[in-house]
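Remarks on the overall topology
Now for the letters of each chain:
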Amino acid sequence: MAPNDSAPTASPARRKAARYAVPVAVAGVAAATIGLVPALAASGDPDLPKITAQQLIEKIAASDTEQMSGTLKISTDLGLPSVAGLGDLMGGAGEAADADAKLLELASGTHTLRVAADGPDKQRLTIQDGDDEYTMVHNGAEVWTYDSKANEAFHAKDPDGAAKSGPGDDAPDGAGPADEPPVTPKELAAQALKAVDGTTSVTVDGTARVAGRDAYQLLIKPKQSGSTIGSIKIAVDARNGVPLKFTLMPSSGGKAAVDAGFTKVDFSKPAADTFAFTPPKGAKVTEADEHRPEAPEDLKGLEGLKDLEGAKDLEGAKGSKEARKHLEGLEDFQGPNVIGEGWTSIVELAGPAGAAQQSDEMPAEAQKFLDSFGDKVTGKFGSGTVFKTRLVNALMTDDGKVYVGAVTEQALVDAANKSAK
């Protein structure tokens, strides 16, 4: 199927980057950049009514589907070493409650997930790994996670019903908390559609059948050179506007870097017992109140911050000696500086004094992980190391600066050289 030519785009619309360095977080597009040329159905694909890219984006935005269940397959190839044991480096080994570490494992390999949702207060996600399963359930005021391999469960309960561990209003398909990495096609599509400008081409690229349902295909491509992202294709349910499949191709070619799509999907109301959870017999259960760690030693001194209220300066803050000690180290910290725009934007970070020396104190396991995909580079800026994936790359200079973006290694080096002038 040949993509349609996109129409001229409107003015840029910028949004800040997502919390996680997942490639789709830097590969967004805004509706203001959508082309207006209708799609044509190709032979063998569903013969659907013509639709423009703008109309398709509006269809996604207007989708109010809150009930669904299904199975999806996620394949991720970012060029990273296996992150199956990364939870150990993050201090989450053996803890059934560590959903962050478990979801991070989706950043490599192929995984099968079962998802279900009934509105914003009931969601269930199960990650299958052979005979082992990791399950997260949000049912009203209660949240459960269960690791079948460890036979351990974690339980949190909010008597006021305010436990918002499920997706936000913009992600009702129930794949995980709103502040977790996106895992379903809808969540991935939401990230991709958050923020871009006139540097993006967006068209409708024909139709397809996904999980037995008719779908339109939205094609998103950068107009700029130097981006590591080649294209993003989103299959959108022709009936209800729910994204059914998300495919991100790197500019370097090869197989998809991220390919997430439903193999089965049902938009009827799931059975009520889908969201009920009882720990299996013999399972170790940890309650939320038993799982609150003590504040790290380097943060305890910040307790003196309470004495800063009403003080005009640090010296005038009664009893804040420890607070001053910790705050003074932040005086040299500089916020992020964004270089460039659109798909080739690079974030420049300059850490506090001594940051380069602190990097030498990194745990050996973490340093080994980083060194496994780092390349030494030099330039006007001095020297440093480029840490690469197939999409997001980062340059860490020996003087403590960091340059990161969904751009090529050369683009990072050029940015560092320009900054050094």
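1. Brief notes about the overall build of the chain
Check the secondary structure of the chain and you find 9 helices and 18 strands. Sorting the 421 residues of the chain into buried and exposed places 44% on the buried side. Intrachain contacts of the chain at a sequence separation of at least 6 include 57% that bridge at least 24 residues. When the accessible surface of the chain is summed, it comes to about 21,300 Å², and 50% of that surface belongs to carbon and sulfur atoms.

2. Notes on unusual backbone geometry
We note that asparagine 151 has phi near 55 degrees; this positive angle belongs to a residue other than glycine. Considering the arrangement of structural elements, one finds asparagine 151 in the loop between strand E5 (142-147) and strand E6 (152-157). Non-glycine residue alanine 211 carries a positive phi angle of around 55 degrees. With respect to the element layout, alanine 211 can be found in the loop between strand E7 (200-210) and strand E8 (213-222).

3. Overview of the nonpolar core
Counting residues in hydrophobic clusters, the biggest one holds 51 residues, and the most contacted among them are Leu113, Ile127, Leu218, Ile220, Ile234, Phe246 and Leu248. Among the elements that line this core, the one with the most residues is strand E9 (residues 229-237), at 5 residues. Core analysis: the second largest hydrophobic core is formed by 11 residues, Leu395, Tyr403, Val407 and Val413 among them.

4. Notes on the pairing of strand E17 (residues 393-397)
For E17, a buried count of 4 out of 5 residues is recorded, marking the element as mostly surrounded by other parts of the structure. Strand direction decides the pairing type here: strand E16 (residues 382-387) and E17, joined by 4 bridges, are antiparallel. Bridging from a neighbouring strand, threonine 385 pairs with methionine 396 of E17. Between the antiparallel neighbours E16 and E17 lie 5 residues. By the bridge criterion, 4 bridges tie E17 to strand E18 (residues 401-405) in an arrangement that is antiparallel. Its bridge partner being in E18, alanine 394 is matched across the sheet by valine 404. The antiparallel hairpin formed by E17 and E18 contains 3 residues in its connecting segment, where glycine 400 sits at a positive phi of about 100 degrees.

5. Some details on helix H4 (residues 185-192)
Here H4 lies mainly inside the structure; 7 of its 8 residues are buried. Along H4, the residues that are buried comprise Pro185, Lys186, Glu187, Leu188, Ala189, Gln191 and Ala192. Check the buried side of H4 and you find it contacts strand E1 (67-77), E9, strand E10 (243-250) and strand E11 (258-266).

6. What about the pattern of salt bridges?
Per the counting criterion, the structure on display carries 11 salt bridges. The salt bridge partner of arginine 390 is aspartate 77, with a shortest N-O separation of 3.5 Å. Placement of arginine 390 in the loop between E16 and E17 and of aspartate 77 in strand E1 is noted, with a sequence separation of 313 residues between them. Among the residues examined, arginine 390 registers a relative accessible area of 17% and is labelled buried. In this structure, the salt-bridge partner of lysine 233 is aspartate 205, at a minimum N-O distance of 2.9 Å. With lysine 233 in strand E9 and aspartate 205 in strand E7, this pair connects stretches of sequence that are 28 residues apart. Owing to a relative accessible area of 4%, aspartate 205 belongs among the buried residues under this scheme.

7. Focus: the packing of aromatic side chains
Taken as a whole, this structure holds 2 aromatic pairs when the rule is applied. Look at tryptophan 144 and phenylalanine 277: their rings are 5.2 Å apart centre to centre, the planes differ by 45 degrees, and that puts the pair in the tilted class. Separated by 133 residues along the polypeptide, tryptophan 144 in strand E5 and phenylalanine 277 in the loop between E11 and strand E12 (284-287) bring together distant segments of the chain. Its relative accessible area of 11% is what places tryptophan 144 among the buried residues. Owing to a relative accessible area of 18%, phenylalanine 277 belongs among the buried residues under this scheme. With a centroid separation of 5.8 Å and an interplanar angle of 45 degrees, the aromatic rings of tyrosine 146 and phenylalanine 277 are classed as tilted. In this pair, tyrosine 146 is assigned in strand E5 and phenylalanine 277 in the loop between E11 and E12, connecting sequence segments 131 residues apart. Summarising the burial analysis for this pair, tyrosine 146 and phenylalanine 277 share the class buried. Among the aromatic residues, those joined into a ring-pair cluster are Trp144, Tyr146 and Phe277.

8. So, the sheet that holds E5
One open sheet accounts for 12 strands, arranged E7-E8-E9-E10-E11-E1-E2-E3-E4-E5-E6-E12; its pairing is mixed. Whereas interior strands pair on both sides, the edge strands pair on one side only; in this sheet they are E7 and E12. Direction aside, the axes of adjacent strands within the sheet are offset by 15 degrees on average. The sheet contacts of helix H1 (residues 53-62) involve E7, E8, E9 and E10, and relative to E8 the element is tilted by about 115 degrees. On the sheet, H4 packs against E1, E9, E10 and E11 and is oriented at approximately 55 degrees with respect to E10.

Quick notes on the rules
- Residues numbered from 1 in each chain as written.
- Predicted model: local features only at pLDDT ≥ 70, side-chain atom pairs only at ≥ 80, totals over all residues.
- Heavy atoms only, no water.
- Helix = DSSP H or I, 4+ residues; strand = E, 2+ residues; numbered from the N terminus.
- Buried < 20%, exposed > 50% of the residue type's maximum accessible area, 1.4 Å probe, protein only.
- Contact = heavy atoms within 4.5 Å.
- Areas by Shrake-Rupley, 256 points an atom, 1.4 Å probe, with all protein chains shown as cover.
- Core = buried A, V, L, I, M, F, W, Y, C linked by side-chain atoms within 4.5 Å.
- Pairing = 2+ DSSP bridges.
- Salt bridge = Lys/Arg side-chain N within 4 Å of Asp/Glu carboxyl O.
- Phe/Tyr/Trp six-rings, centres within 6.5 Å; stacked < 30°, edge-to-face > 60°.
- Axes fitted to C-alpha atoms, helices over the stretch in contact; angles between N-to-C directions.

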